[in-house]
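Listed below, chain by chain, are the residues.
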Amino acid sequence: MRETFAPDLDEGTRRSLDVPPDLLDLPPDEMRRLGHVVVDLVVDHLAGLRERPALLAGDPATLRAALGGPLPQGTGDPAGDLAAGLDVLATTAVPYQQHGDHPRYFARVPGPSSFAGVLGEWLATGTQSIASSWGGGAGPTTVELVVVEWLREALELAPGTEGVLQSGGSTANVTALLAARHRTSPDGTTGVVYLSDQTHSSIARGLLSTGWAPDDVRVLPTGDRYALTADAVRTAVVADLAAGRRPAVVVATAGTTNTGRVDDLDGLADLCAEHAMWLHVDGAYGGPAAVTPRGRAALAGLHRVDSLVIDPHKWLFQPYDLACVLVRRPGALEAAFAMHPEYLADVQGGDPGRVDLHNRSLELTRRGRAFKLWLTFRTYGADRVAAAVDRGIGLAEYAQALVEADPSLEVVTGASLGVLTFAAPARDDAAHRAAAAALTASGWAAVSSTVLGGRAVLRLCTINPRTTTADLDGTVARLSALLSADA
Ligand SMILES: Cc1ncc(COP(=O)(O)O)c(C=O)c1O
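In this report, the structure presented in the accompanying data block is examined.

About the thresholds
- Residues numbered from 1 in each chain as written.
- Predicted model: local features only at pLDDT ≥ 70, side-chain atom pairs only at ≥ 80, totals over all residues.
- Heavy atoms only, no water.
- Helix = DSSP H or I, 4+ residues; strand = E, 2+ residues; numbered from the N terminus.
- Rg over C-alpha atoms; globule rule 2.2 N^0.38 Å.
- Buried < 20%, exposed > 50% of the residue type's maximum accessible area, 1.4 Å probe, protein only.
- Contact = heavy atoms within 4.5 Å.
- Areas by Shrake-Rupley, 256 points an atom, 1.4 Å probe, with all protein chains shown as cover.
- Lys, Arg positive; Asp, Glu negative; His and termini not counted.
- Charge placed at Lys NZ, Arg CZ, Asp CG, Glu CD.
- Near = heavy atom within 4 Å.
- Polar contact = N/O pair within 3.5 Å; in protein donor to acceptor, adjacent residues only side chain to side chain.
- Nonpolar A, V, L, I, M, F, W, Y, C, P; charged D, E, K, R; others polar.
- Pairing = 2+ DSSP bridges.
- Axes fitted to C-alpha atoms, helices over the stretch in contact; angles between N-to-C directions.
- Parallel < 35°, antiparallel > 145°, perpendicular 65-115°, else oblique.
- Left-handed = near helix turned anticlockwise from the far one by under 90°.
- Salt bridge = Lys/Arg side-chain N within 4 Å of Asp/Glu carboxyl O.

## Some points on the overall build of the chain
- Counting secondary structure elements, the chain contains 16 helices and eleven strands.
- The C-alpha radius of gyration computed for the chain amounts to 25 Å, which stays within 12% of the reference 23 Å derived for 487 residues, consistent with globular compactness.
- Here the C-alpha coordinates of the chain stretch approximately 85 × 55 × 40 Å along the principal axes.
- When the 487 residues of the chain are sorted by exposure, 48% land in the buried category.
- When contacts within the chain are restricted to residue pairs at least 6 apart in sequence, long-range pairs at least 24 apart make up 74% of them.
- Surface summary for the chain: the accessible area is close to 22500 Å², and the carbon and sulfur share equals 58%.
- Across the chain, the centroid of the 41 positively charged side chains sits 3 Å from that of the 56 negatively charged ones.

## Examining the site of the ligand
- The ligand sits among 13 residues. The nearest are G169, S170, T257, D282 and D311.
- At a separation of 2.6 Å, a nitrogen atom of the ligand approaches a polar side-chain atom of D282.
- A distance of 2.9 Å separates an oxygen atom of the ligand from a polar atom in the side chain of D311.
- About the coverage of the ligand: the protein hides 83% of its 390 Å² of free accessible area.
- Elements with a minimum of two residues in the shell around the ligand: α7 (169–184) and α12 (312–315).
- When residues in the shell around the ligand are grouped by element, the largest group, three residues, is from α7.
- For the shell around the ligand, the per-class residue count stands at two nonpolar, eight polar and three charged.

## Looking at the sheet that holds strand β4 (residues 247–253)
- The strand order β1-β7-β6-β5-β4-β2-β3 describes an open sheet built from seven strands, whose pairing is mixed. Edge positions in the sheet fall to β1 (162–166) and β3 (217–220), since each has one partner strand and no second. Each strand axis lies, on average, 20 degrees off the axis of its neighbour in the sheet, ignoring direction.
- Sheet analysis places strand β5 (residues 278–283) next to strand β6 (residues 307–310), joined by four bridges and oriented parallel. Note that in β6 the partner of H280 across the bridge is S307.
- Across the sheet, helix α8 (residues 201–209) lies against β2 (192–196), β3, β4 and β5, angled at about 160 degrees from β2, the strand it touches most.
- The sheet contacts of helix α10 (residues 265–274) involve β4 and β5, and relative to β5 the element is tilted by about 155 degrees.

## Quick notes on the sheet that holds strand β11 (residues 455–461)
- Judged by pairing direction, the sheet is antiparallel, and its four strands sit side by side in the order β8-β9-β11-β10 without closing on themselves. Two strands lie at the open edges of the sheet, namely β8 (410–416) and β10 (448–452), each paired on one side alone. The mean inter-strand angle of the sheet, taken between neighbouring strand axes irrespective of direction, is 30 degrees.
- Note that β8 and strand β9 (residues 419–423) share four bridges and pair antiparallel. Residue E410 lies in a different strand from β9, and its bridge partner there is A423.
- Packing of helix α14 (residues 371–404) onto the sheet brings it into contact with β8, β9 and β11, and relative to β8 it is tilted by some 165 degrees.
- In this fold helix α16 (residues 469–485) packs onto β9 and β11, with an angle of close to 165 degrees to the strand it touches most, β11.

## Comments concerning the packing of helix α5 (residues 115–126) against α14
- Orientation of α5 relative to α14, taken along the N-to-C sense of each, is 140 degrees, at an axis distance of 7 Å. Here α5 is positioned oblique relative to α14, judged by the angle of their axes. Handedness of the crossing formed by α5 with α14: right-handed. Of the residues in α14, those touching α5 at F115, A116, G117, L119, G120, E121, L123 and A124 are F371, K372, L375, T376, T379 and Y380.
- Class assignment for the residues of the contact of α5 with α14 results in eight nonpolar, four polar and two charged.

## Concerning the pattern of salt bridges
- Tallied over the full model, the rule gives 27 salt bridges.
- For the salt bridge of R104 with D471, the shortest nitrogen-to-oxygen distance reads 3.2 Å. Highlighted residues: R104 in the loop between α4 (78–93) and α5 and D471 in helix α16, separated in sequence by 367 residues. One exposure class covers both R104 and D471, and it is buried.
- Residue R234 is joined to E274 by a salt bridge in which the shortest nitrogen-to-oxygen separation is 2.9 Å. Remark: E274 occurs in helix α10 and R234 occurs in helix α9 (residues 230–242); sequence separation between them is 40 residues.
- Residue R234 is classed as partly exposed on the basis of its relative accessible area of 30%.
- Here the salt bridges share partners, and the residues they tie into one network are E121, E144, D321, E363, R366, R367, R369 and K372.

## Quick look at the environment of V309
- Mapped onto the elements of the fold, V309 is located in strand β6.
- Residue contacts for V309: discarding those within four places in its chain leaves G169, A172, N173, A176, H280, V281, D282, G283, A284, C324 and V325.

By themselves these figures say nothing about function.
Here's what the structure looks like:
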């Protein structure tokens, strides 16, 4: 081999390159020791969850004082600085949040992550796992493709269904809707999209921010069913056709955030087939219920939809962040998102078996997000995962029985996919909001209020399999007492 020639560098350039190459590295035994500190912190967090608040609010000045200050310059002792920094984060940042993994966190949508999921996430992060191109990440790409296929199987969707992992329901729904728009509006116009007044707010935001014409977005009322019927959409479609508009996409929800109700998926699938519309289903929180027989029954028609979003970081026991877009038509994501710049030619796969996941959404550099879910299924098996989901469905039914047994309370919407809403008929909106706030501020449990039919109600989301019946007994009893305290 030819000898290398000494490059002709000026002294300043040479000196700047003479800094040691291990500028940011620590010796392996130090990394191991500090890594174990994090393991201990996480295990202490998980083992002691029950004894700590379900949600802890923070004070801006106190938090800034502990975490802020001028840009740090380091002391020359990276191991010491790292240990001290971890301690500050663990004691000052970590406690002040909603603990979605806490057994008495019932607010909004909990995130009861599993330890297998946590370890999968750590492994992916620590090894800079990337699932962007086939050539640059065949291993993590394969893990992601396998996980998407396992999800398809667990949800009993049609063979051939493809997908891609995303950061959360908001981005995943936009990804699916951009694919829908590409398919239904090849000329670049948008066509009419039908939502309901119970559709998650991130969807209208996503549609408008990606250029959907505002007067092509129809928000249909659901009344006191809180679910979209095919008849309601049909009436709107007929009116739009008569007005010369082009119906293009229906967005249904499989488990609305407010009530857990499910839109008429079968009826909407029929309607969409009739009018060549794309049926997208937002199953971000409720979709995973289809891994259980009673969830599948509640979600009848799910296998017929054109695209579906589920959030494993909600009800499949994953650390944030993890959502999945599934499309029934192979190639639908690539049709909307594929790009082939010259500088990626070396790593792009080029045949159907060598998938470039950066061509399935707006993400180019994308972390290997699938390890955690792969490890969860591999560790617990689909049957235990399904049993854990089923427990969440049953816990909401138990909470409903508690509310029914309390003469001061009434059920507003019955248990549906792990969500129950209820109210104290004798009390006003402010009292309901105050009761939710007071229980949450006490730290014992965290609950939400929401608005249904124009009035404030209380809402419990019971999808954490670690929740016990005693947790629910205490929560409903405390809320009932708070609502009667100053009646
Ligand atoms: C039905 C539904 N869709 C979408 C979202 C948004 O998901 P994310 O918060 O992961 O972006 C949520 C969040 O709760 C949801 O419940």
